[in-house]
Amino acid sequence: MAKMLTREAAGNGRQGKMKSFLKKSVLILLTILILAGLIYEVSGPVKNLHYQYLKNKGAAYAQGIKIGVLGDSIWGNVKDETGIAAVIEQELEVEIYNCAIGGTQASYSGWNDGKPDQSLMAITDQVIFGAAPYEDGSVDQSYLETDWQEMDYIFFSYGLNDYFAGIVSQGEDPYATDTYAGAIRTALEAWREYAPQATFVLCAQNFSQLYSYGKVVDDSDTLNYGGGTGLDYVEALRRIAEEYEDVIFINIYEDVHIDMSNCTLMLEDGTHFTAYGREIYAKDVVKYLAKDLIAKYG
C-alpha cells in the first residue's frame, strides 16, 4: 500500500510539473505574440516617419528636376492622377515625361498586338540613331517629342512583356538584342552616351500571377514561359546596374511585396497594379529618388 501511494504521489508530482511547464510555455508564447503585435503596430508608423523624412528632405532639392520614363503598361496604362508618375510628381514636385507604352518590351518584338515595334530597342533606334518614325498616327510617339538631353533622370521600366513572350532573360552574348539583358545593356550604353547629364534608373518588373478559370495556378517566382522565371529577369537587371557607375536599380519585385495575402489588394488582374498598388510603387520610387537627391545636393 505504501509503495502504491508513493507511486501515485510521484505521478501527481510529474503531472503538476507538466501543468506548470505548459502554463509557463503558454505565458511565454502569449508574451511573444504580444511583443510581435507591438512591434508590428510600431513599425508602420516608424516606416512612415522615415518615408516622410526622406520625402521632405529630398523635395527640398527636387525643384526643377525632370524625369523621362520609357517602359511598359505598369507606367503606361494609367496616366491620370492615380498613375505612378502622377503620384511621384505630387510627392516630390518633380516634372515627369511619361513615355511608357503598354504592351512593349525591351528587346525587338512584334509583341505589341501587331502594332509597330515600340520596344526599348526600336525607340532607341528612332531617338538616338535616326530611324524613321512611324507614320501610323494611332501609336504614341511622345518619346520623339521629349528632349531627353534635358532630363535629370531617365527610367527604363521593362521586363514583364519580355518575360511573358519567353524572351531569354540573359544569353551568352551580353549585347544580344534579342535577349532581355542584351537589349537593356545595349540601350543603356547608347542612352548614357546620348544623354550623359542624366542619372539612369532601372526598375525591375513586379511579381505577377497566372490565373486559370478565376483561380491562381502559378506565379512569377517559379513560372517560366521559356526565357526564365520572373526572378531571373530581376536578377539580370540587377547585374546590369552593378556594371555601371551612377545607375540606380529599384527592385520593385521585392520592395513592393506581393503574395497571396495581399495580391487582390495590390494587383487588379494578377499583373497590373490597383490604385493602391500604384501608390505603394510610386512611394518606393520616391524613396530612391529622395536618397539620390540628398546624396547629390544635400
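Residues numbered from 1 in each chain as written. Predicted model: local features only at pLDDT ≥ 70, side-chain atom pairs only at ≥ 80, totals over all residues. Heavy atoms only, no water.

**Concerning the packing of aromatic side chains**
(1) Moving on: Counting across every chain of the model gives 13 aromatic pairs.
(2) Moving on: Taken together, a centroid distance of 6.0 Å and an interplanar angle of 85° make the contact between Trp-191 and Tyr-194 edge-to-face. Here Trp-191 pairs with Tyr-194, and both are found in helix H6 (residues 180-194), just three residues apart, close to one helical turn.
(3) Moving on: Using a relative accessible area of 0% as the deciding quantity, one classes Trp-191 as buried. (Phe/Tyr/Trp six-rings, centres within 6.5 Å; stacked < 30°, edge-to-face > 60°. Helix = DSSP H or I, 4+ residues; strand = E, 2+ residues; numbered from the N terminus. Buried < 20%, exposed > 50% of the residue type's maximum accessible area, 1.4 Å probe, protein only.)

**Some details on helix H10 (residues 275-297)**
Think of an α-helix as turning once every 3.6 residues; residues three or four places apart then point the same way.
(1) Moving on: In a regular helix each residue adds 1.5 Å, so 23 residues correspond to 33 Å; H10 covers 32 Å between its end C-alpha atoms and thus fits that length.
(2) Moving on: Restricting attention to buried positions, one finds in H10 the residues Gly-277, Arg-278, Tyr-281, Ala-282, Asp-284, Val-285, Val-286, Leu-289, Ala-290, Asp-292, Leu-293 and Ile-294. (Expected span 1.5 Å × (residues − 1).)

**Digging into the sheet that holds strand E1 (residues 66-71)**
(1) Moving on: In space, the five strands of this open sheet follow the order E2-E1-E3-E4-E7, with parallel pairing throughout. Since the sheet does not close on itself, it has two edges, and those belong to strand E2 (95-98) and strand E7 (247-250), each with one partner. Recorded for the sheet is a direction-independent mean angle of 20° between the axes of neighbouring strands.
(2) Moving on: Pairing geometry for strand E4 (residues 199-203) and E7, over four bridges, is parallel. Note on E7: the bridge partner recorded for Leu-202 is Phe-249.
(3) Moving on: Most of the contacts of helix H7 (residues 230-242) go to E7, to which it runs at about 160°, and overall it touches E4 and E7. (Pairing = 2+ DSSP bridges. Axes fitted to C-alpha atoms, helices over the stretch in contact; angles between N-to-C directions. Contact = heavy atoms within 4.5 Å.)

**What about a nonpolar patch on the surface?**
(1) Moving on: On the surface, Leu-210, Val-217 and Tyr-225 cluster together to form a nonpolar patch covering roughly 240 Å² of accessible area.
(2) Moving on: Among the structural elements, Tyr-225 can be located in the loop between strand E6 (215-219) and H7. (Patch = residues over 30% accessible without salt bridge, like charges linked within 9 Å, V, L, I, M, F, W, Y side chains within 5 Å. Areas by Shrake-Rupley, 256 points an atom, 1.4 Å probe, with all protein chains shown as cover. Salt bridge = Lys/Arg side-chain N within 4 Å of Asp/Glu carboxyl O.)

**Topic: unusual backbone geometry**
(1) Moving on: With a phi angle near 60°, Glu-93 is a residue other than glycine that sits in the positive phi range.
(2) Moving on: Looking at the secondary structure, you find Glu-93 in the loop between helix H3 (84-92) and E2.
(3) Moving on: According to the relative accessible area criterion, Glu-93 is exposed, its value standing at 65%.
(4) Moving on: One non-glycine residue with positive phi stands out, namely Asp-246, at about 60°.
(5) Moving on: Among the structural elements, Asp-246 can be located in the loop between H7 and E7.

**Thoughts on the pairing of strand E3 (residues 153-157)**
(1) Moving on: Counting buried positions along E3 yields five of five residues, so the element is predominantly enclosed.
(2) Moving on: By the alternation rule, side chains of E3 split into Tyr-153, Phe-155 and Ser-157 and Ile-154 and Phe-156, which are all buried.
(3) Moving on: Direction of pairing for E1 relative to E3: parallel, over a ladder of five bridges. When the sheet's bridge partners are listed, Ile-67 is paired in E3 with Tyr-153.
(4) Moving on: Pairing between E3 and E4: four bridges, direction parallel. From the neighbouring strand, Tyr-153 faces E4, where its bridge partner is Thr-199.

**Some words on the confidence of the model for the protein chain**
(1) Moving on: Per-chain confidence: the protein chain averages 87 in pLDDT, with 82% of residues scoring 70 or above.
(2) Moving on: Throughout residues 36-43 the model reports pLDDT below 50, and contacts reaching past four residues in sequence, or to other chains, amount to zero contacts. (pLDDT = per-residue confidence, 0-100.)

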